[in-house]
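# Per-entry structural report
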Amino acid sequence: DIFDLSMKGSNISVHNNNDFVEGDFKIKSFQDANKKRITNGEVVIFDGYSKRKFDLKNFIANVESSYTPQNNSFFSGFTTDLNINILINRFNFEAQMLNIDINTVLSGQLTAKSNLENPKLTGSLFVKEGGVKFPSTSFDLMETQINLDETSNIAFDPKIQLAASTELTKSEFPFLSQDTSI
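All of these numbers come straight from a predicted model, not from anything done at the bench. (Residues numbered from 1 in each chain as written. Predicted model: local features only at pLDDT ≥ 70, side-chain atom pairs only at ≥ 80, totals over all residues. Heavy atoms only, no water.)

As a further point, take the overall build of the protein. Secondary structure summary: the protein contains 0 helices and 11 strands in total. Listed by position from the N terminus, the elements making up the protein come as β-β-β-β-β-β-β-β-β-β-β. Here the protein holds 182 residues, and the buried ones make up 25% of them. (Helix = DSSP H or I, 4+ residues; strand = E, 2+ residues; numbered from the N terminus. Buried < 20%, exposed > 50% of the residue type's maximum accessible area, 1.4 Å probe, protein only.)

If you want it as structure tokens, here you go:
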């Protein structure tokens, strides 16, 4: 059995309700000399948007139960070693948890490894711009990075390094001697 498939797409737009991704891809799937299926290639995301609501239980954020990822049965039973490089130029992500709203514009580079049914994402995302809004104040995100750990046993295990700033004004905080940035 010989297996060889090459796919290429340009300006592809994929929508799922209000979420979307736009980009290009070049993927090749083939069988090596040992009859092992291998899928590799690259995806470039030049625009995208996603919004999620999270529940907070025991200090762990979980996607609300009303959201269920769609499982595509087209790939079920198709085993392949996956190695796809994903370049993200711009991706807008919004999250809501309790009374906290997070809005970000992300960029970065990821790699999808393992298999199609349970891919493992590794790499880093950077917040190009964004903010965190609490009921009483808001912060601008700066120098924020999200690292997806290659050594973790979990498919998506982000480690977040966060830096934020806000302006405190004398009119809002009368005990200040002057307007202050923190």
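Next comes the rest of the description.
One pass over the structure, following the stated rule, counts 4 salt bridges. Residue Asp-81 is joined to Lys-36 by a salt bridge in which the shortest nitrogen-to-oxygen separation is 2.8 Å. Taken together, the residues span a long stretch of sequence, with Asp-81 in strand β5 (residues 81–97) and Lys-36 in the loop between β2 (19–31) and β3 (37–57) at a distance of 45 residues. A salt bridge links Lys-51 to Glu-94; the nearest nitrogen and oxygen atoms lie 4.0 Å apart. (Salt bridge = Lys/Arg side-chain N within 4 Å of Asp/Glu carboxyl O.)

A positive phi angle, close to 55°, is found at Asn-11, a residue other than glycine. Considering the arrangement of structural elements, one finds Asn-11 in strand β1 (residues 4–16). Since its relative accessible area comes to 59%, Asn-11 is described here as exposed. Phi is positive for Glu-143, which is not a glycine, with a value near 50°. If you trace the backbone, Glu-143 turns up in strand β8 (residues 138–148).

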